[in-house]
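Spelled out, the chains give:
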Protein chains: 2
Amino acid sequence: MPKALEDVTVLDFSHLLQGPFATQLLGDMGARIIKVERPGQGDLFRTMTFKNRWVGGTESPNFLAWNRNKQSIAIDLKAPEAKEVLFKIAEKVDVVIQNFRPGVMERLGYGYEAFKKVNPRIIYCSGSGYGESGPYVTRPGQDMLLQGLTGLAAATGRRDGPPVPVGAGFADQIGAMNMVYGILSALYWRERSGKGQEIKVDLLSALLQHQNQEMVWVMNFGENLERPNSSIGHPGMDAPFGLYPVKDGWVSIAMSPYRKLVDVLGAPDLLVYDDPETLYVKRDEIWEKLAEETRKWTKADLLEALLAADIWCGEIKTHLDVMDDPQVRHMGLVTSYEHPRAGTVKVIGPAVKMSETPPEIARPAPIVGQHTEEILRDFGFSEEMIASLRERGIIEQGEA
Amino acid sequence: MPKALEDVTVLDFSHLLQGPFATQLLGDMGARIIKVERPGQGDLFRTMTFKNRWVGGTESPNFLAWNRNKQSIAIDLKAPEAKEVLFKIAEKVDVVIQNFRPGVMERLGYGYEAFKKVNPRIIYCSGSGYGESGPYVTRPGQDMLLQGLTGLAAATGRRDGPPVPVGAGFADQIGAMNMVYGILSALYWRERSGKGQEIKVDLLSALLQHQNQEMVWVMNFGENLERPNSSIGHPGMDAPFGLYPVKDGWVSIAMSPYRKLVDVLGAPDLLVYDDPETLYVKRDEIWEKLAEETRKWTKADLLEALLAADIWCGEIKTHLDVMDDPQVRHMGLVTSYEHPRAGTVKVIGPAVKMSETPPEIARPAPIVGQHTEEILRDFGFSEEMIASLRERGIIEQGEA
């Protein structure tokens, strides 16, 4: 089947998470992603993992997660010949993307203005931590730091406990989606106007955009929403909304009629709390009382009883449980690709279903420089030129 | 300045969060968003807030957060005349979007096939909790439930503590961004092919997509990453990565050379832990030792010393602090719009900067049915027809 972005080519200077996830999303839709890497080490994420574990003994799971559907060209950005090569390629590409610290690409000679000169239709997207100017511009913009800075850590967890960061890199990943949002909007507009443009995305803005609901409340009323001191699930929510212990683990109960819940639990005494003001003000006390009841149930029995009463609830699963979740299996979300070194790599498949242009995994994450010579040939470089660049150590051909 | 999506029209049947945030993102880029609401109550989110507080005494901050840049038409979807009206409008729109529970729109007569008949170029995007078929299809798909189901809650917090949901509606908001990603890809492809298509997005897939890094590790090694039992900031990370107490609050310290950190803290005894294996295995013990040191500092002094040594760190702020953060101010992220009832509403502005087509806030969130008659006139309905629909209670004109 056709792919939505099959005629789009992206020259991808990005590394680590924000940029690579963005180009993977574009690649899933069929865009050709040319990942520019350092000869030798390549993307820094290739050398990062958790607990020093490597898929197939050598490959970073973090890198494998964000770099499918890409080709890799290994080239020394600092060599003058690299500029010649990359700007010749740039004449025919649609998008340039990068997430070095602000100013680095300009200093290397790869800023927006340089690309615009060779191709005014280019869409140039930069990702940073805090934007490209201002008091924090030189600070490192890392995911957890932004969670702390934007109020997310302070809004998570319990009132008497510490602030809590999310156990996943959501700032980077939301920044990535803003890159995609900006780039696809710009591609659509280019169809009308013939013009490229520059796009700037940053983690600070991304995380605040995603907390607009909380921020609108706090900014307009001039006070913070205080974290609950129980497992109520959000600083602004009243009981019962939260996570509850059962005999064999935990369950979640979202906004649901309190009366109905108390009825299922068989605890009519708790109806004394049933008014909107009390359900907020005494939410921690109510949570304790409800938890006393839920602890009497097994997970399976309680969920069955709650779902039968159309009370919004669900299981609390670990990542290992998630793999075998029947709905996750039904949706085909657990899939895999064959990697030349790591073998069969299990990954989460594309999240968006499209009737005419379904996204798909067409390539595994590349080896550093795996497509260097193929890409150079595609863009019209001669065998002599390729051999000369290789002999001088400016490019590297990776062996799969 | 021009807007990237200024020639795109969206007929928006969505409510609550996932759909409305998606259409707000499209509206920020200049798309015309026609929000279809029930006469009277409108979008259910209009009646929801935190702590029973309303901006200007009447308006939901949650609704105000996700519905700028839209026009509202109030029309009774169940009236046969509504079908006539909406399908006539649909002849000229580009996108239809909805996030009712699976099957509801089909039962009402507003499924994809019906729209495709009147306009084969239409892009029809549905958002659900768990997809549109499978064992969970009838379950309510609410944000926190999905956080629990996909392993996010179990990966957040401390080993000996409860699983912790994030203090913001990230599942919905990531689902919204997947809608935007699918719709913009489909719009771009329609330029090539002339064809519309159907897009399906769901919260389950969205949250797993954003945990691909953790899932790749867990699925390929067949074990879970265990939560730390301290304020180390991620189940897979070693010390020092985490949040640390200081005299007057907390700071964050991301991946940083351990030796340099210990040097800044003036605690050479702690160098005994400095090898990669130990930094993971003893991370909770190391966190305790580091925290003993950081507690001796004020926030300002410690951050200054850490930043001078280029150690990745940051402040932990509450939402109220965020408003006055100098970088947030510099980026112009705190902005406002004038609402006919609520007055000046403070909101977070668009997160993406674009040189040629900057996103902007051109309209406040609408009153229910505020643009009913204007929209009907724009799409060629006669004054007689409008009066007749109004008299029969099929449409409602809201007064700002």
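Cut-offs used in this document
- Residues numbered from 1 in each chain as written.
- Chains lettered and ligands numbered in written order.
- Predicted model: local features only at pLDDT ≥ 70, side-chain atom pairs only at ≥ 80, totals over all residues.
- Heavy atoms only, no water.
- Axes fitted to C-alpha atoms, helices over the stretch in contact; angles between N-to-C directions.
- Helix = DSSP H or I, 4+ residues; strand = E, 2+ residues; numbered from the N terminus.
- Parallel < 35°, antiparallel > 145°, perpendicular 65-115°, else oblique.
- Left-handed = near helix turned anticlockwise from the far one by under 90°.
- Contact = heavy atoms within 4.5 Å.
- Nonpolar A, V, L, I, M, F, W, Y, C, P; charged D, E, K, R; others polar.
- Least-squares fit on C-alpha atoms with pLDDT ≥ 70 in both.
- Pairing = 2+ DSSP bridges.
- Buried area = accessible area lost by both parts, 1.4 Å probe.
- Salt bridge = Lys/Arg side-chain N within 4 Å of Asp/Glu carboxyl O.
- Polar contact = N/O pair within 3.5 Å; in protein donor to acceptor, adjacent residues only side chain to side chain.
- Phe/Tyr/Trp six-rings, centres within 6.5 Å; stacked < 30°, edge-to-face > 60°.
- Buried < 20%, exposed > 50% of the residue type's maximum accessible area, 1.4 Å probe, protein only.
- Core = buried A, V, L, I, M, F, W, Y, C linked by side-chain atoms within 4.5 Å.

Enquirer: Before we move on, can you summarise the packing of helix 1 (residues 18-28) of chain B against helix 7 (residues 170-193) of chain B with the specific residues and values?
Expert: Two quantities define a packed helix pair, namely the angle between the axes and the distance from one axis to the other. Residue and element names in this part refer to chain B. The interhelical angle for the contact between helix 1 and helix 7, taken along N-to-C directions, is 50 degrees, at an axis separation of 8 Å. Here helix 1 lies oblique to helix 7, going by the angle between them. Here the hand of the crossing between helix 1 and helix 7 comes out right-handed. Mapping the contact onto sequence places Q18, G19, F21, A22, L25 and L26 in helix 1 and D172, Q173, G175, A176, M177, M179, V180, I183 and L184 in helix 7. When grouped by side-chain class, the residues that make up the contact of helix 1 with helix 7 number 10 nonpolar, four polar and one charged.

Enquirer: Summarise the relation of the copies chain B and chain A; cite the residues concerned and give the values.
Expert: In screw terms, the move from chain B to chain A is a rotation of 180 degrees and a rise of 0.0 Å along the axis, fitting with an RMSD of 0.0 Å. The symmetry that links the two subunits is that of a two-fold axis. Both copies contact each other with a shared surface, as 100% of the interface residues of chain B are interface residues in chain A too.

Enquirer: For the sheet that holds strand 7 (residues 242-246) of chain A, give the residues involved together with the corresponding values.
Expert: Note on sheets: strands pair through backbone hydrogen bonds, and any given pair is parallel or antiparallel. All names here are of chain A. Spatially, three strands are ordered 7-8-9 in an open sheet, and the strand pairing comes out antiparallel. The open sheet has two free edges, formed respectively by strand 7 and strand 9 (313-315), since each of these has just one partner strand. In this sheet, adjacent strand axes meet at a mean angle of 30 degrees when their direction is disregarded. Here three bridges tie strand 8 (residues 249-253) to strand 9, and the two strands are oriented antiparallel to one another. Paired with I253 across the bridge in strand 9 is C313. Against the sheet, helix 12 (residues 283-294) touches strand 7 and strand 8, its axis set at about 35 degrees to strand 7. Each of strand 7, strand 8 and strand 9 is contacted by helix 13 (residues 299-308), which is oriented at about 155 degrees to strand 9, the strand it contacts most.

Enquirer: How would you sum up the interface of chain B and chain A? Please name residues and give values.
Expert: Each partner contributes residues to the interface: chain B has 151 residues there, and chain A has 151 residues. Together, the buried faces of chain B and chain A total about 13,800 Å²; carbon and sulfur atoms form 67% of this surface. The largest contributions to the chain B side of the interface with chain A come from F50(B), Y188(B) and H319(B), which together make up 6% of the buried area. At the boundary of chain B and chain A, one finds 11 salt bridges. Among the salt bridges present, the one from R192(B) reaches D7(A), with a minimum N-O distance of 2.3 Å. If you look at where chain B meets chain A, you find 58 residue pairs in polar contact (both at pLDDT 80 or more). Ranked by residues supplied to the side of chain B that touches chain A, first place goes to helix 7 of chain B with 17 residues.

Enquirer: Which residues make up the packing of aromatic side chains, and what are the values?
Expert: What the rule picks out here adds up to 23 aromatic pairs over all chains. Considering the side-chain rings of F87(A) and Y110(A), the 5.7 Å spacing of their centres and the 15 degrees angle between planes classify their relative orientation as stacked. Of this pair, F87(A) sits in helix 3 (residues 80-90) while Y110(A) sits in the loop between helix 4 (104-108) and helix 5 (112-118), and the two are 23 residues apart along the sequence. The class for F87(A) is buried, based on a relative accessible area of 13%. Each ring, one from F170(A) and one from F170(B), has its centre 6.0 Å from the other, and the planes form 10 degrees; the classification is stacked.

Enquirer: Before we move on, can you summarise the pattern of salt bridges with the specific residues and values?
Expert: Following the criterion strictly, the structure yields 44 salt bridges over all chains and no others. Two residues, R259(A) and D274(A), come together in a salt bridge whose shortest N-O distance is 3.6 Å. Taken as a pair, R259(A) in helix 10 (residues 258-265) and D274(A) in the loop between helix 10 and helix 11 (276-281) lie far apart in primary sequence, 15 residues in all. Look at D274(A) and you get partly exposed, because its relative accessible area is 29%. The residue D310(A) makes a salt bridge to R101(B) at a minimum N-O spacing of 3.9 Å. Residue D310(A) is found in the loop between helix 13 and strand 9, and its partner R101(B) is found in the loop between strand 4 (95-98) and helix 4 (104-108); the two belong to separate chains. Judged by its relative accessible area of 39%, D310(A) falls in the partly exposed class. By sharing partners, the salt bridges in this structure join E315(A), K317(A), D325(A) and R139(B) into a single network.

Enquirer: Explain the nonpolar core to me, using residue names and the numbers behind them.
Expert: Of all hydrophobic cores here, the largest spans 164 residues; its most connected members are L5(A), L26(A), I183(A), I199(A), L5(B), L26(B) and I199(B). In this structure, I199(B) is in contact with V352(A), K353(A), M354(A), I123(B), Y124(B), C125(B), S126(B), G182(B), I183(B) and A186(B), ignoring residues within four places of it in sequence.

Enquirer: Go over the sheet that holds strand 9 (residues 313-315) of chain B with me, naming the residues and quoting the values.
Expert: Residues and elements named next belong to chain B. Ordered in space as 7-8-9, the three strands form an open sheet in which the pairing is antiparallel. The open sheet terminates on both sides in strands that have one partner only, identified here as strand 7 (242-246) and strand 9. Looking at each pair of strands side by side, their axes are set apart by 30 degrees on average, direction ignored. Contacting strand 7 and strand 8 (249-253), helix 12 (residues 283-294) runs over the sheet at an angle of about 35 degrees to strand 7. Packed onto the sheet, helix 13 (residues 299-308) meets strand 7, strand 8 and strand 9 and runs at close to 155 degrees relative to strand 9.

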